[in-house]
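Chain residues, written in single-letter form:
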Amino acid sequence: MARRRKGRAVDGMLLIDKPLGLSSNDLVQKIKRMFFAAKAGHTGALDPLATGMLPVCLGEATKFSQFLLDADKTYEVTAKLGVRTTTSDADGEVVSRKPVLVSEEQLMEACETFRGPIKQVPSMYSALKHEGKPLYFYARQGIDIPREARDIEIYKLEVTRFQDNYVDMTVHCSKGTYIRSLVDDLGQLLGCGAYVTRLHRTQVTDYPSNKMLTLEGLENVARESAQCKERPHDLLDSLLLPMDIAVKALPEVKLESEKEPYFCNGNPVRSVAAQEIEKGMSVRVYSSVSGLFLGAGEIDDEGKVAPKRLVVRPATDSQ
């Protein structure tokens, strides 16, 4: 007999301001325990030395986490010029030290070369997988794996401070961008080296930053919730964002009532609402009657709405 999953079937998403020194997975496990959730996951991992917005998905919301991985992101970063490290951040060993003979004009010119579509070679200390294991697994053993340059885009790179060999920047970038690699490349171009001393993610796509919660604040709510004996999780659950926030950037399709059962059973269906949407495009799908979010689909070659990720709700769910 299949083993029953431990925890509650609670669905939704949280935007957490990840604190310094905590891994993304450790943060998810803390939140999972707080909510006594059966399932939890994060998207777009942040290193222990990085802080800022980390979307955490609970329950059925984890099905849509892939859409968050594809989202653009914005960071505030501080780089120290004159030093290069193995990891391109303060955790690594110093590789070289060089005098910083860089003017503000030279810095601005160097930054200009990174704006727009560029190619970037991922760091050996990234979580990018090689034969099922992250690159940092090999890096820690002194093994260098050849990496191909990948297409990324830097939408915005703004220098906000240049003082005492420290550079503060705001970077708005596409998926797949490694900020540590960007800073290391900038240091190499300037001829002096550079590494990241501070990294804070301020934004993931257009998610509401005013809804971001600190871990400390969430723990306070959890303690307050525990005082309620009858429904101890109600206060925590009220903080959850709806699971469809992960796919808000996709076109919306509301299915006619007679089409819903077929779609929810995994069958492609025709819909008037999808007629103007380009084939191959991903869409978010709702019930035209109840307004419930049904899942994510794709417009197939026949113009039908084909299910990709479906929301499974208890039979008693009548929201």
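Relevant structure appears above.
Residues numbered from 1 in each chain as written. Predicted model: local features only at pLDDT ≥ 70, side-chain atom pairs only at ≥ 80, totals over all residues. Heavy atoms only, no water.

> Requested: an account of the overall build of the chain, with residues and values cited.
Looking only at helices and strands, one finds eight helices and 17 strands in the chain. Projected onto its principal axes, the C-alpha positions of the chain cover 70 × 55 × 40 Å. By residue count, 45% of the 319 residues in the chain fall in the buried class. Counted over contacts in the chain with a minimum sequence separation of 6, partners at least 24 positions apart contribute 65%. Put simply, the chain has 43 plus and 44 minus side-chain charges, and the middle of one group is 7 Å from the middle of the other. (Helix = DSSP H or I, 4+ residues; strand = E, 2+ residues; numbered from the N terminus. Buried < 20%, exposed > 50% of the residue type's maximum accessible area, 1.4 Å probe, protein only. Contact = heavy atoms within 4.5 Å. Lys, Arg positive; Asp, Glu negative; His and termini not counted. Charge placed at Lys NZ, Arg CZ, Asp CG, Glu CD.)

> Outline the sheet that holds strand 15 (residues 282-287), supporting the account with residue identities and numerical values.
Backbone-to-backbone hydrogen bonds pair the strands of a sheet. The strands run either parallel or antiparallel. Spatial strand order, 14-15-16-17: four strands in an open sheet with mixed pairing. The open sheet terminates on both sides in strands that have one partner only, identified here as strand 14 (252-255) and strand 17 (305-310). The average undirected angle you get between the axes of adjacent strands in this sheet is 40°. Across four bridges, the pairing between strand 14 and strand 15 is parallel. Across the sheet, Leu-255 pairs through a bridge with Ser-287, a residue of strand 15. (Pairing = 2+ DSSP bridges. Axes fitted to C-alpha atoms, helices over the stretch in contact; angles between N-to-C directions.)

> Account for the pattern of salt bridges, naming residues and giving values.
Enumeration over the complete set of coordinates arrives at 16 salt bridges. A salt bridge links Glu-158 to Lys-156, with the nearest nitrogen and oxygen atoms 3.3 Å apart. Between Glu-302 and Lys-304 there is a salt bridge whose closest N-O contact spans 3.6 Å. According to the relative accessible area criterion, Lys-304 is partly exposed, its value standing at 23%. A single network of salt bridges, built from pairs that share partners, joins Asp-47, Asp-89 and Arg-180. (Salt bridge = Lys/Arg side-chain N within 4 Å of Asp/Glu carboxyl O.)

> With reference to specific residues and values, describe the state of the cysteines.
Here the structure, examined in full by the defined rule, presents zero disulfides. Lacking any disulfide linkage, Cys-111 is separated from the closest cysteine sulfur, that of Cys-192, by 11 Å. Take Cys-111: its relative accessible area is 0%, and that puts it in the buried class. (Disulfide = S-S within 2.5 Å.)

> Give a detailed account of the packing of helix 1 (residues 24-35) against helix 6 (residues 215-226), specifying residues and quantitative values.
Where helix 1 meets helix 6, the closest approach of the two axes is 10 Å, and the angle between their N-to-C directions is 15°. The angle between the axes of helix 1 and helix 6 places the two elements in the roughly parallel class. Viewed along their axes, helix 1 and helix 6 form a crossing whose handedness is left-handed. When helix 1 is examined against helix 6, the residues Leu-27, Lys-30, Ile-31, Met-34 and Phe-35 are found in contact with a partner set consisting of Leu-215, Leu-218, Glu-219 and Ala-222. (Parallel < 35°, antiparallel > 145°, perpendicular 65-115°, else oblique. Left-handed = near helix turned anticlockwise from the far one by under 90°.)

> Describe the packing of helix 3 (residues 104-112) against helix 5 (residues 179-190), listing the residues and the values that go with them.
Running from amino to carboxyl end, helix 3 crosses helix 5 at an angle of 130°, the nearest separation of the two axes being 10 Å. Looking at the two axes, helix 3 sits oblique to helix 5. Handedness of the crossing formed by helix 3 with helix 5: right-handed. The residues of helix 5 that touch helix 3, namely those facing Gln-106, Leu-107, Ala-110 and Cys-111, are Leu-186, Leu-189 and Leu-190. Partitioning the contact of helix 3 with helix 5 into residue classes produces six nonpolar, one polar and no charged. (Nonpolar A, V, L, I, M, F, W, Y, C, P; charged D, E, K, R; others polar.)

Function cannot be read off these values alone, since they describe shape.
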